[in-house]
Amino acid sequence: MKHKKFGSTGHDVSVIGQGTWYLDRGDRRAAVAALRRGLDLGMTHIDTAEMYGDAELVIAEAIAGRRDETYLVSKVLPSNASRRGTIAACERSLARLKTDRLDCYLLHWRGSFSFSETVDAFEQLVKAGKIRSWGVSNFDADDLDELLDVAGEGKMACNQVFYHLQERAIEHAVIPWCAKHNVAVVAYSPFGHNDFPDQRSKGGAVLQTIAKRHGALVRQIALAFLARDPRVFPIPKASNAEHAAENAAAGDLVLSADDIAALESGFPRGPKPRSLPML
Ligand code: NAP
């Protein structure tokens, strides 16, 4: 598994990480086994959120005894993101995850509390050693500008956004903004959540041709495409160990310039939408 610098944190983080939304809904033992297999294969970045029900409890089980090898990220809900609410939400997540610190803590999406309240809370948590860094999720370039005015350069570690082959809107303004300010881009729902390209579609045919050339699976090609940018970290969610292993193997795939050009034309970026797409 390759690693890349995670924005201004300077930490080396696995190119492919592990999502956990809905991981608490199915077979719990299989979910724990999937996360552990992912860790064994180097997918050490694990993403969760207070919103994801019992996913934090599933993670606690999976990372027991392995906390130091995990890059653990959770998120505060916007409705809790006041100065005191953020700190209380973080404490709850730490307790559920059975850990004493998060590697990164994110504001899940922009809500009604002022950025200064949330940023103050994040900075207090950093000082207390409860989080190592903080970031945001679902922020468009104009939101990032506003946050930068409040927080200053070098403070936000990442922006976690919706990004997959059929949804490339962040390439217009968000990725360039993050590149300019050394902010990592975490690609959520990298398989489109439940909307992976149909193999009979034009793009699906391109994916299959490239997968065949690499002796790889189409989903591995999809992950490698998103991770082609040195700043982007896809976080697929897998509920079984076999899927986790397949996803981890994508971390070593390198696409050629021709592969990338073919995928870019098979899955056109499209015009910039008025607002940032999100799930
Ligand atoms: P996703 O990762 O795009 O897709 C998950 C689906 O792909 C599941 O049905 C999964 O099946 C399947 N899958 C995974 N690996 C596979 C493989 N190797 N072969 C075949 N199928 C495979 O969807 P997501 O869960 O929405 O996104 C990933 C993570 O991003 C989330 O879990 C969450 O951590 C994060 N997220 C963040 C936000 C935000 O607002 N910040 C929003 C959405 C998601 P199985 O489960 O059966 O393996």
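Residues numbered from 1 in each chain as written. Predicted model: local features only at pLDDT ≥ 70, side-chain atom pairs only at ≥ 80, totals over all residues. Heavy atoms only, no water.

1. Section: the pattern of salt bridges
Argument step 1. In the structure shown here, the tally under the stated rule is 24 salt bridges.
Argument step 2. Here the salt bridges do not stand alone but share partners, grouping Arg168, Glu171, Arg228, Glu264 and Arg269 into one network. (Salt bridge = Lys/Arg side-chain N within 4 Å of Asp/Glu carboxyl O.)

2. Notes on the layout of surface pockets
If a probe the size of a water molecule is rolled over the atoms, the empty space left behind becomes visible.
Argument step 1. The computed volume of the largest pocket comes to approximately 640 Å³.
Argument step 2. Taken together, 31 residues make up the lining of the largest pocket; nearest its centre are Trp21, Ser189, Pro190, His193 and Lys237.
Argument step 3. The residue inventory of the lining of the largest pocket, partitioned by class, reads 13 nonpolar, 13 polar and five charged. (1 Å grid on protein atoms, 1.4 Å probe; cavity = no way out; pocket = protein on both sides within 12 Å on 5 of 7 lines; lining within 4 Å. Points joined across faces, edges and corners; volume = space filled by probe spheres on them. Nonpolar A, V, L, I, M, F, W, Y, C, P; charged D, E, K, R; others polar.)

3. Quick word on the pairing of strand 8 (residues 184-188)
Argument step 1. Along strand 8, five of the five residues are buried, which leaves the element largely enclosed by surrounding structure.
Argument step 2. The side-chain alternation of strand 8 yields two buried faces, one formed by Ala184, Val186 and Tyr188 and the other by Val185 and Ala187.
Argument step 3. As judged from the five bridges shared by strand 7 (residues 156-162) and strand 8, these two strands associate in the parallel manner. Note that in strand 8 the partner of Phe162 across the bridge is Tyr188. (Buried < 20%, exposed > 50% of the residue type's maximum accessible area, 1.4 Å probe, protein only. Helix = DSSP H or I, 4+ residues; strand = E, 2+ residues; numbered from the N terminus. Pairing = 2+ DSSP bridges.)

4. Some words on the sheet that holds strand 5 (residues 104-107)
Argument step 1. Pairing within the open sheet is parallel, and its seven strands lie in the order 3-4-5-6-7-8-9. Lying at the two open borders of the sheet, with one neighbouring strand each, are strand 3 (45-47) and strand 9 (232-234). Between one strand axis and the next, the sheet turns by 25° as a mean value, whatever way the strands run.
Argument step 2. In this sheet, strand 5 lies alongside strand 4 (residues 71-76) in parallel orientation, the contact comprising four bridges. (Axes fitted to C-alpha atoms, helices over the stretch in contact; angles between N-to-C directions.)

5. Concerning the site of the ligand
Argument step 1. Not every one of the 27 residues close to the ligand is listed here, only the nearest: Asp47, Ser189, His193, Ser239 and His243.
Argument step 2. In the environment of the ligand, an oxygen atom lies 2.2 Å from a nitrogen or oxygen atom belonging to the side chain of Ser239.
Argument step 3. Against a free-state accessible area of 900 Å², the protein chains account for coverage of 88% of the ligand.
Argument step 4. Its atoms largely coinciding with the cavity grid, the ligand occupies the largest pocket.
Argument step 5. Element by element, the count of residues in the shell around the ligand is highest for helix 9 (residues 241-249), at three residues. (Near = heavy atom within 4 Å. Polar contact = N/O pair within 3.5 Å; in protein donor to acceptor, adjacent residues only side chain to side chain. Areas by Shrake-Rupley, 256 points an atom, 1.4 Å probe, with all protein chains shown as cover. Sits in = over half its atoms within 2 Å of the grid points.)

6. Side note on the pairing of strand 7
Argument step 1. The buried fraction of strand 7 is high, at seven of seven residues.
Argument step 2. Across three bridges, the pairing between strand 6 (residues 134-137) and strand 7 is parallel. Looking across to strand 7, one finds that Ser137 is bridged to Gln160.
Argument step 3. The parallel pair strand 7 and strand 8 is bridged by helix 6 (residues 174-180), and the resulting crossover is right-handed. (Right-handed = clockwise from strand over helix to strand, strands pointing away.)

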